[in-house]
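The primary structure of each chain is shown beneath.
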Amino acid sequence: MKRIFLIAILVCASVMTMQAQKFALVDMDYIFRNIPAYERANEQLNQVSKKWQAEVEAIQIEAQTLYKNYQNEVVFLSQEQKKARQDAIVEKEKEAADLKKKYFGPQGELFKKRTALMNPIQEEVYTAVKDIADLRGYQLVIDRASDTGIIFGSPKIDISNEVLSKLGYSN
C-alpha cells in the first residue's frame, strides 16, 4: 500500500512540474546580413585588415630581399659583415612577426576594432531577442545558424523577421 501511495505521489509531482516549454529559432546570420550597420562594420574591418596585412607583407618582402642579397653576396663578405647582415635579416623578420601579432594577435588591434564595432550591434540584437522571448514566454531560443545539430526547424517558430522588425529593419 505504501508503495502504491509513493508511486502516486511521484506521478502527481512529475505531472505538476512538467509544463509545456516554449522555444523558438532565430537565424543570427540572416539577421546580421539584414542590418546595414553590421554590414558596414564588416566592410570596414575587411578594409583595415587588408591594409594591415599589406604592411606586414611589405616588411616580410623586405626581409626576403635582404636574405636574397645576402645569399648573392655571402662569398664576398667578411665574418663581421655576414654577422651584421644576418642580424639585419633576423631583425626584419622579427619586426614583421611583431607587427603581425600587434594587428592580428588574440588581443590585437583587429580584435579590439571588431569588438568596438560589432559588440553594440550584437548587444542590440540580443536585447531584441530577449525582449521577444520574454514577451512570448519562450524558455529557449536557439540559433539555427550556429550548426549545433538542428536538422529541421519549422518556419513557424523562427522569430528572425520579428527580431528585425523590433530593431526597425523591415523585410
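What you are looking at is a predicted structure, and each value in this text was computed from that prediction instead of being measured. (Residues numbered from 1 in each chain as written. Predicted model: local features only at pLDDT ≥ 70, side-chain atom pairs only at ≥ 80, totals over all residues. Heavy atoms only, no water.)

When its secondary structure is counted, the protein shows six helices and two strands. The helix and strand sequence of the protein, counted from the amino end, reads α-β-α-α-α-α-β-α. Expressed as a percentage of the 171 residues in the protein, the buried residues total 24%. The long-range fraction of contacts in the protein, counting pairs at least 24 apart against all pairs at least 6 apart in sequence, stands at 77%. (Helix = DSSP H or I, 4+ residues; strand = E, 2+ residues; numbered from the N terminus. Buried < 20%, exposed > 50% of the residue type's maximum accessible area, 1.4 Å probe, protein only. Contact = heavy atoms within 4.5 Å.)

Our focus in this paragraph is the packing of aromatic side chains. Within a pair of aromatic rings, the relevant descriptors are the distance that separates the centres and the angle that separates the planes. Tallied over the full model, the rule gives three aromatic pairs. Relative to Y38, the ring of F32 has its centre 4.3 Å away and its plane inclined at 15°; by these criteria the two rings are stacked. This pair shows no difference in class: F32 is buried, exactly as Y38 is. Seen in terms of ring centroids, W52 and Y103 are 4.5 Å apart; in terms of plane orientation they differ by 5°. Their pairing is stacked. One end of the pair, W52, is in helix α3 (residues 36–73); the other, Y103, is in helix α4 (residues 79–104), with 51 residues separating them in the sequence. Both residues of the pair, W52 and Y103, belong to the buried class. Taken together, W52, Y103 and F104 form an aromatic cluster joined through their ring pairs. (Phe/Tyr/Trp six-rings, centres within 6.5 Å; stacked < 30°, edge-to-face > 60°.)

Attention now goes to helix α6 (residues 160–167). Residues of α6 that are buried: S160, V163, L164 and L167. One face of α6 carries all of its buried residues, which in axial projection span an arc of 100°. In this structure, the buried side of α6 is in contact with β1 (23–26), α2 (28–33) and α5 (109–136). Backbone geometry just downstream of α6 places G168 in the positive-phi region, at approximately 95°. (Arc of directions from axis to C-beta.)

According to the stated counting rule, one finds seven salt bridges in the structure shown. Linking E62 and K92 is a salt bridge whose minimum nitrogen-to-oxygen distance equals 2.8 Å. Placement of E62 in helix α3 and of K92 in helix α4 is noted, with a sequence separation of 30 residues between them. We classify E62 as partly exposed; its relative accessible area is 38%. Under the relative-accessibility criterion, K92 is labelled buried at 18%. Among the salt bridges present, the one from E95 reaches K92, with a minimum N-O distance of 3.6 Å. Within this pair, E95 and its partner K92 are both found in helix α4, separated by three residues, close to a single helical turn. Shared partners join several salt bridges into a network, and the residues in it are E62, K92 and E95. (Salt bridge = Lys/Arg side-chain N within 4 Å of Asp/Glu carboxyl O.)

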